Amino acid sequence: MSELVNPVESFLRTDRMPHIWCPGCGIGTTVNCFARALIDSGIDLESLALVSGIGCTGRVAGYVKLDSFHTTHGRAIPFATGLKLANPKLNVVVYSGDGDLSAIGGNHLIHAARRNIDLKVICVNNLIYAMTGGQTAPTTPGHAITATSPYGAFEPSFNLPHLLEAAGAVYVARWTTFHVRQLARSIGEAFQKKGFSFIEVISPCPTLYQRRNQLGDGLDTMKYYKEASKVRNGSPTSEAGLTMTGEIVVGKFVDRERPDYQTMMTAQMTESLGERYIRPEMEHEEEGCGVCG
Amino acid sequence: MSELVNPVESFLRTDRMPHIWCPGCGIGTTVNCFARALIDSGIDLESLALVSGIGCTGRVAGYVKLDSFHTTHGRAIPFATGLKLANPKLNVVVYSGDGDLSAIGGNHLIHAARRNIDLKVICVNNLIYAMTGGQTAPTTPGHAITATSPYGAFEPSFNLPHLLEAAGAVYVARWTTFHVRQLARSIGEAFQKKGFSFIEVISPCPTLYQRRNQLGDGLDTMKYYKEASKVRNGSPTSEAGLTMTGEIVVGKFVDRERPDYQTMMTAQMTESLGERYIRPEMEHEEEGCGVCG
Amino acid sequence: MRLTEIRLAGFGGQGVILSAIVLGKAASIYQGAFATMTQSFGPEARGGACSAQLIVSESQTLYPYVSQPDILVVMSQEAYSKFAPELKDGGMLIVEQDLVHLENISAEVKVYSVPATRLAEDLGKRMVLNIVMVGFFTAVTELLQPDAVRNAVADSVPERFRELNLKAFEKGYEYGIEALSAGPLAGEAEPQMAYSEE
Amino acid sequence: MRLTEIRLAGFGGQGVILSAIVLGKAASIYQGAFATMTQSFGPEARGGACSAQLIVSESQTLYPYVSQPDILVVMSQEAYSKFAPELKDGGMLIVEQDLVHLENISAEVKVYSVPATRLAEDLGKRMVLNIVMVGFFTAVTELLQPDAVRNAVADSVPERFRELNLKAFEKGYEYGIEALSAGPLAGEAEPQMAYSEE
Amino acid sequence: MERCKACGFCVEFCPTKVLALSSAFNSKGYHPPHVVAPEKCSGCDLCGMYCPDFAIYGTKTPAAAKQEAKHES
Amino acid sequence: MERCKACGFCVEFCPTKVLALSSAFNSKGYHPPHVVAPEKCSGCDLCGMYCPDFAIYGTKTPAAAKQEAKHES
Amino acid sequence: MKADPKGVLTGTHFIDGDHACCEGALAAGARFSAGYPITPSTEIVERFAARVPLVGGTFIQMEDELAASITLQGAVWGGAKAFTVTSGPGFSLMMEHIGYAAMTETPCVFVDVQRGGPSTGLPTLPAQADMMQARWGSHGDYEVIALCPNSPQECFDLTIQAFNFAEEFRVPVMFMMDEVVGHMTEKVVIPPADQIEVTPRKHTRKSAEEYLPYGTNGDLVPEMAHAGEGYKFHMTGLTHDERGYPNMTPQTQDKLVRRLQNKIRDAADRIMMAEEEGIEGADVIVVSYGITSRVAQKGIDMARARGLKVGKFRMITCWPFPEKRIRELAEKAKAFVVPELNLGQMVREVERAAGGKARTIPVSHAGGSVHRPEEILNAILEATR
Amino acid sequence: MKADPKGVLTGTHFIDGDHACCEGALAAGARFSAGYPITPSTEIVERFAARVPLVGGTFIQMEDELAASITLQGAVWGGAKAFTVTSGPGFSLMMEHIGYAAMTETPCVFVDVQRGGPSTGLPTLPAQADMMQARWGSHGDYEVIALCPNSPQECFDLTIQAFNFAEEFRVPVMFMMDEVVGHMTEKVVIPPADQIEVTPRKHTRKSAEEYLPYGTNGDLVPEMAHAGEGYKFHMTGLTHDERGYPNMTPQTQDKLVRRLQNKIRDAADRIMMAEEEGIEGADVIVVSYGITSRVAQKGIDMARARGLKVGKFRMITCWPFPEKRIRELAEKAKAFVVPELNLGQMVREVERAAGGKARTIPVSHAGGSVHRPEEILNAILEATR
Ligand SMILES: Cc1ncc(C[n+]2csc(CCOP(=O)(O)OP(=O)(O)O)c2C)c(N)n1
Ligand SMILES: Cc1ncc(C[n+]2csc(CCOP(=O)(O)OP(=O)(O)O)c2C)c(N)n1
Ligand code: SF4
Ligand code: SF4
Ligand code: SF4
Ligand code: SF4
Ligand code: SF4
Ligand code: SF4
Ligand SMILES: [Mg+2]
Ligand SMILES: [Mg+2]
């Protein structure tokens, strides 16, 4: 059987395996789906860059065999923005956790969605700050016990698809780690779009969220996802709020067309400057590089 | 006529007049409406604190005769949050500009709305960063010329009421400086609510926005507001986007009930801790102060 | 070109800074000399007083500030009150005739006066009063070559306003040539008479 | 209490840190002596190796680290391989019998062995293996007063688990008393025999 | 009226057209409004609400006093 | 199977119940899955997509080879 | 005044430095904390979140460190004693607001549990490489106080001291722990409340009419008022006059910023806390702080065992730097040996203050662990050569 | 290599320092800037926004300085030369990402046009009080290069130099202007592109298989690759090995962080740029930088007019501090006079390096204007006493 290799193997830095994720952690499952989406979409891996922030999910950047950037906490999106604008030919994926993207990174999230920067954002939402030991996140459901909410969380949590739709994303979907095929399909769809895409994946953190709330282990959580999820493609995002043990509305919620940032920039500059405008990407088409000599 | 005094005089630090705002600037008009709303609501001025960020609007804190805090750029809301949580009896108003609140302060804006902190936010939206000389703001309409968009702005702008509704505000309204009575009424209504209220006021910056875009002076702008505004109370916020010269949808868009942060905190703590929970405000009711001795 | 320290002052919107830039450009670009221009930003950015310091010289000057100007150009009463006392003995004072009322001028000072705003209004654009002033300055100070200043004017304004500004320069310059031949006013004279005499 | 340097090591989830805390608390709170406990956080926070260093002494010790422990408690093979070489000559080695296979032990070392996991499982909660180990440690080292340790156990676990943990302590303690009277194993002996002999 | 910067808001939006910008200058060089039709003033204070410079306001005074005493100067 | 951490996802969600957790340990002390019903395997690779540790996968092999060669070990 | 007994967990505890720091804050009267999780500091606020609802106060986890570091200041102006807690990356994000606290004279405490840097670095391992940042990390001229504990007991005691200094001088105090001290568990004795001295807020007793928010007389520290008390005061991060009004002139700037500096510098002797031992007659003095001071002890002991005359100067107050004392010591000893868990930070100050009178030998360490005592011994040996 | 002519506005201009800085960046090959407006720096990016679409590049105004300071780094890894521009408050917000750039060895330039601080301070008036922050403002140990221009011409020339150093050493370079230099207008001569030397990116020529992202041989500066070139490399702000993989051990930390330090320290002589005049035989040497160096000149001239022997040492490179040279000068002169628009920052380094060999006399100034030349003269007089 030695001639057979796991198809995702070529997407991984196998020299860094085993990874640090706990037994039953959902992050690896999402990576698996991501890898399979890449295979299916036949996208050129050399043109693909992956950017993560800090967190358990943030470690994804360290495990994928792509140009991969492990940035600072919350700043994956602006880093990715610079990458994309400097080299518009890149496909840029942002892969990070709920806390990283929506707490400290919340401002960049809504502004990048507003600008409609052509980024594919995969947000692994385990409803907690896992890496730092299980503190309350803006996604933590009410009443959940966390390290910083020892008497139960009471802040309302973000309904991320709703926020992202209002901010301007062109593609918004939510799945759980149970929905492996749908998730892979969504990722593939996001690659077809030009603009800001946001895919939320609800994922177990048995070590710090489920166990502390007597919600069992990873497998128990997967079973809960299976039971409690309702696929409602096109559902109004305002109706997609989450609770600790209730229904999980999943599906593709938003898929609309708006010109992306670079398209708008080119249009406006061309309108004002006509021929005098030199598109940044033309630089890349020239012979010889102005940076490296 | 010397015995008659302008009724807003008592709200102003007259020793700091004249203010720095340009002729035809709308900020003063909003302050006027604010002062009148305070008179009408009969609110106790000693319990009222006003917090601003940095900008032309941010200077409001320096002109009102209230406990008034001129904080750092973008951080009026978290400062106000601390003020309110440390002394729940205060009425706390945040008064700042569009750039301050929605660009650098965007994260705090959405998180405070999510948490439903009991703050009244008045956002003077002049569609520009005025204080620094007229650069593009997240609110600048497409095609407008600014100091940093010399060939015309091309980024889509935020529809702030829509964003704030999605983030969780309980009261969301928009008026222009033409709508002085409605604005004063809205401010009064916000004081009646417990929770995060957001009032956007579209306001002229003749010096740096209107003139540069050949939109005339302050008065021309006021006339445009008068003509182009459509009062649509209860309008879906998603339909309240703005353009440079088009219709301005104004009105009270959101007015809903959700328990505010402190109410939820008390409920959760009481549920978990029962009698052992000591509410922070109880401290203030005690004799003798634990801080000042 | 002798080392000359100049202060230009007025209020926001008069184009004080641009006039300093034009003069500096003339010296440093079109006459191959050196010029250093600094401006005061008041504590509040909007409106209010506005002043520029310009040092022109044959060689690079390191210290960039003017303490006792050789030439003071004032376009507002406030600027006059603030800066006139600093003027060097024997220095030259140039004033906007309608906006400045002269008081207590030392006899040592050579005063030239020009109704720059009105001259500009005559041209149909009040806005160009600063370039009128530049023309006047060029004539009465004889510090810079008129052609160098003309080039600097042409180079410093948007294409569509070029002609107008060049006209403004000539208007000020001509007025200055006359004033120069008339000689400086005594500090006591009511300067606005100069215009009504025309 | 003589200055004693102790290292406890195993893998994440075994409660290594808590056992060190209990021992430290016994010394410093219930016996009025001093204890310093430090722990190694590995490069990766989750799972993996886990170790604690504990120094107990009559007076405050400033230097908080152990380089050559007097007593080494190991609860995993990895910990054993890593730390056994550091053990002081004539020191004491305490091992989890089922999880550690002894190799190349110097004859100077006194080895005591306890099937803490199985003893804990006998009590119905594998989780308390660390407190079984604490009991065993108390018995064989004779470093701390058993009552001080009992108090520390009671004080360190949540109310609802108190009884269980105290039982675990006793189980380990009794096993230790027997082991002590049997004397240390030779390094060569197959330690798991100790249990099957019961 | 020393604070007035002549934006014209009060003049434009006075519902009964009580005011007009005067041709005189105030000390800052602006033309402040003056009352041209005091009898029409309802004391609605809209001028006061509009004024960005806190330079004017209206009051509801007894009908007799209406034509005076309404506009700070 | 050295990477397996015995989460049980593959076992639970294999649509045809091909797998079961074994009682043996791998070197990390976990019980990895083993194939109990190779003939039922469709090669759907759901196990592969679910596995958070990249420890298993399914392939569509010719029918003859189905019972072997599918699960990395 | 005496501590409020509600916050004081009197008794003998076996807890780590992070938890002791939290108890110190509670004992000092802190009833508000705004935080954002980061290893290895989070345990402090985790404990605070569990403890403060039982004492009457609030913990709020903010969306980021920018928010945390200003929310706490809002709370101070609302009448609370407040602090925040972070580690390197978060500390970097707090720099703007440390400057704001200095400028507005907001009494508050910033705890930095130092870990390996730069950037994300070594999240779970120790360093002492934010020492210069603690002093210089915000733009413009300002002064702070920085304290370095070396044990859980000191994490308790000195946290109280940090709050007391903050109140006395109306200054942000940097409480510079390190990962080892934060995670080290030792006996911590918490005395009864009536044995804990707590500095009350310097609250004005003037009437609203008399009150000048930034006026001072004599001691350079203005009196404070809180929102909601009727003073209707204004405060700003702009250069301001005694009324708290913006006044952007070089004169006002000079007066204000020099006062901010002098209120600390003039009191440096009082703020300076250090542990000295074996200084008299010492040839070499080991200058250290935080966890390194305990490691240094072993190096000193080893050197003394070889008959060397080695003194120990352990800084508790690192900022303001004990310049005067080091200058004095430079006249006495031949050399200073300065071990720190960084590539040379406080040693620069030692070198400066020594002014060539005594040699200065850094013992640098990039962090991630502590020095081997031998490294310190070797430096001592080199110093005596 | 030679500058790309597209970005070079060859000719003689009469422009201010802000605009000259922008032209320097364009000449150096910068084709990307991410900014956030703040007085008095905004003119730089305003000009860039107007110029770069005509040259082939991008300006993006971000939502805040946190974003700006990391977006530019994304652009660098995407293949651009990039910079950002700010002033005090914004600089404070960039501290985390300056550390990130240092750790990941991202070549880039941060321009800080210094204004009065702390906090919002004096937004439109000058200071030089972010000098220590430029070196120490981020957590952990790292090294940067900082340059201080004193004229618009230097704003042009030295911006190019800043980019060149950034590329040569793969380090963030701090370009420390001040409000006076930024807003001062003078002649700026921009030479033809073929007379402008530009340092190319140190791009690897290795194959993807051979390439070690953080491996070095000899010169301590690793070779770089960009995203999209097939290298499939990883980079992180965690402590990392030569492969760029996280490796959180004290050993890797030591190797990495010391290399980050040494690549700059070892090259300090080469990086050190200064202007010396009248040093030989001088009794007093005035050490200054930025706008103050021009003010100091007047003080020096006044002192020389009185027959005093005064030398001038003008630092162009402030970090790494010209330690060696100051040490040498301390042997020659009796005293250093150090005027700066702050309450004493670089003077501490001078004092340290002087090591008691020469007196050090600070001439502090809280900012908002420049020194009166008499203040400098007086200090010189004091120094000769
Ligand atoms: C500036 C800064 N603040 C805080 C941290 C500490 N930190 C690391 S990861 C993390 C939260 C991670 O949560 P999330 O993004 O949900 O990822 P998860 O671990 O849950 O996958 C935090 C707060 C940091 N590294 N940097
Ligand atoms: C950290 C920081 N960044 C930038 C600035 C500069 N700044 C001051 S006000 C302002 C924008 C103000 O815009 P807005 O909030 O819309 O207020 P306006 O002036 O338009 O009323 C900016 C960018 C600052 N003071 N601090
Ligand atoms: S802590 Fe939670 S999120 Fe992190 S690896 Fe473990 S299970 Fe996954
Ligand atoms: S610049 Fe614009 S916003 Fe600022 S005061 Fe003037 S008109 Fe108002
Ligand atoms: S108060 Fe009188 S003047 Fe003012 S708006 Fe009303 S009617 Fe007009
Ligand atoms: S009084 Fe007020 S509203 Fe009327 S013109 Fe003057 S400033 Fe404008
Ligand atoms: S590939 Fe085979 S074993 Fe895997 S899930 Fe599909 S049917 Fe089951
Ligand atoms: S093979 Fe993978 S999915 Fe299956 S039990 Fe092991 S880790 Fe879980
Ligand atoms: Mg998470
Ligand atoms: Mg604005």
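Refer to the structure printed above.
Caption draft 1: Examining the packing of aromatic side chains more closely. Using the criterion set out here, one finds 38 aromatic pairs over all chains in the structure. When the centroid spacing of 5.5 Å and the interplanar angle of 90° are considered together, the rings of Phe69 of chain A and Phe233 of chain H count as edge-to-face. Placement of the pair is Phe69 of chain A in strand β2 (residues 67-70) and Phe233 of chain H in the loop between β9 (185-190) and β10 (234-236), with the two residues belonging to separate chains. Judged on exposure class, the residue Phe69 of chain A and its partner Phe233 of chain H are both buried. Taken together, a centroid distance of 5.8 Å and an interplanar angle of 75° make the contact between Phe83 of chain G and Phe163 of chain G edge-to-face. A residue pair is termed long-range when its members are at least 10 positions apart, and Phe83 of chain G in strand β4 (residues 81-86) and Phe163 of chain G in helix α7 (residues 152-169) qualify at 80 residues. With respect to burial, Phe83 of chain G and Phe163 of chain G carry one shared label: buried. Aromatic rings pair up to connect Phe69 and Phe79 of chain A together with Trp77 and Phe233 of chain H into one cluster. Over the ring of Phe158 of chain B we find Arg114 of chain A; its NZ or CZ atom is 5.1 Å from the centre of that ring. One residue, Arg16 of chain B, lies across the ring of Tyr245 of chain G, its end atom 5.5 Å from the ring centre.

Caption draft 2: Examining the interface of chain A and chain H more closely. Tallying the contact residues gives 50 residues for chain A and 51 residues for chain H. Across the chain A-chain H interface, the total number found is two salt bridges. Taking the shortest distance from any N to any O, the salt bridge between Arg115 of chain A and Glu63 of chain H comes out at 2.7 Å. Seen at the junction of chain A and chain H, the total is 20 residue pairs in polar contact (both at pLDDT 80 or more). For the side of chain A that touches chain H, the secondary structure elements donating two or more residues are α2 (60-63), β2, α3 (76-86), α5 (106-115), α10 (261-273) and α11 (280-285) of chain A. Here the side of chain A that touches chain H gets seven residues from one element, more than from any other, and that element is α3 of chain A. Class assignment of the residues belonging to the side of chain A that touches chain H gives a composition of 22 nonpolar, 15 polar and 13 charged.

Caption draft 3: A look at the arrangement of the chains. In this assembly, 14 pairs of chains are in contact, and the pair with the greatest number of contacts comprises chains G and H. Separating chain F from chain H is a minimum C-alpha gap of 19 Å, and the two share no contact.

Caption draft 4: The arrangement of the pattern of salt bridges in detail. Residues and elements named next belong to chain H. For the structure on display, the rule yields 114 salt bridges over all chains. In this structure, the salt-bridge partner of Arg304 is Glu277, at a minimum N-O distance of 2.9 Å. Of this pair, Arg304 sits in helix α11 (residues 291-305) while Glu277 sits in strand β11 (residues 274-277), and the two are 27 residues apart along the sequence. Assessed through its relative accessible area of 26%, Arg304 is described here as partly exposed. For Glu375, the salt bridge is made with Arg372, and the minimal N-O distance between the two is 3.8 Å. On the basis of relative accessibility, which here comes to 23%, the residue Glu375 falls in the partly exposed class.

Caption draft 5: Fine view of the relation of the copies chain H and chain G. Overlaying chain H with chain G gives an RMSD of 0.0 Å, the required rotation being 180° about an axis along which the chain moves by 0.0 Å. This pairing of chains is accounted for by a two-fold axis. Taken together, the interface assignments show that 100% of the residues at the interface of chain H recur at the interface of chain G, consistent with an identical surface on both copies.

Caption draft 6: Spatial organisation of the site of ligand 1. Around ligand 1, the surrounding shell holds 23 residues, and the nearest of these are Cys56, Thr57, Asp98 and Asp100 of chain A together with Glu65 of chain G. Between ligand 1 and Gly99 of chain A, the relevant distance is 2.8 Å, taken from an oxygen atom to a main-chain nitrogen or oxygen of the residue. Between Ala130 of chain A and ligand 1, the recorded distance is 3.0 Å, taken from a backbone N or O atom to an oxygen atom. Burial of ligand 1 by the protein amounts to 98% of the accessible area it has alone, namely 590 Å². Looking at the shell around ligand 1, the elements that each hand over two or more residues are α4 (98-104) of chain A together with α4 (88-93) of chain G.

Conventions and cut-offs
- Each chain carries its own residue numbering, running from 1 in the direction its sequence is written.
- Naming scheme: in the order in which they are written, chains are lettered from A and ligands are numbered from 1.
- Side-chain atom pairs in this predicted model are given and counted only at pLDDT of 80 or more, local residue features only at pLDDT of at least 70, and totals for whole chains, interfaces and linings cover all residues.
- With hydrogens and water set aside, each side-chain value is computed from the structure's full complement of heavy atoms.
- When two rings of Phe, Tyr or Trp (its six-membered ring) have centres within 6.5 Å they constitute a pair, described as stacked for plane angles under 30 degrees, edge-to-face for angles over 60, and tilted for the intermediate range.
- By the criteria applied, helices consist of DSSP H or I runs no shorter than four residues and strands consist of E runs no shorter than two, each listed in order from the N terminus.
- In this scheme, a residue with accessible area under 20% of its type's maximum is buried, one over 50% is exposed, and one in between is partly exposed, where area comes from a 1.4 Å probe on protein chains only.
- Consider the ring centre and the ring normal. A charge sits over the ring if Lys NZ or Arg CZ is within 6 Å of that centre and within 35 degrees of that normal.
- In what follows, residue pairs with any heavy atoms lying within 4.5 Å of each other are defined as contacts.
- One speaks of a salt bridge when a side-chain nitrogen belonging to Lys or Arg is within 4 Å of a carboxyl oxygen belonging to Asp or Glu.
- Polar contact is defined as a pair of N or O atoms within 3.5 Å, subject to the rule that within protein one atom must be able to donate a hydrogen and the other to accept it, and that residues adjacent in sequence are counted only when both atoms are side-chain atoms.
- Residue type decides the class: Asp, Glu, Lys and Arg count as charged, Ala, Val, Leu, Ile, Met, Phe, Trp, Tyr, Cys and Pro as nonpolar, and the leftover types, Gly among them, as polar.
- Here the copies were fitted onto each other by least squares, based on C-alpha atoms from residues at pLDDT of at least 70 in both.
- Proximity is defined per residue: any heavy atom of the residue falling within 4 Å of a molecule or strand makes that residue near it.
- Exposure was quantified through the Shrake-Rupley algorithm and a 1.4 Å probe, taking into account, for residues, occlusion by the shown protein chains and nothing else.

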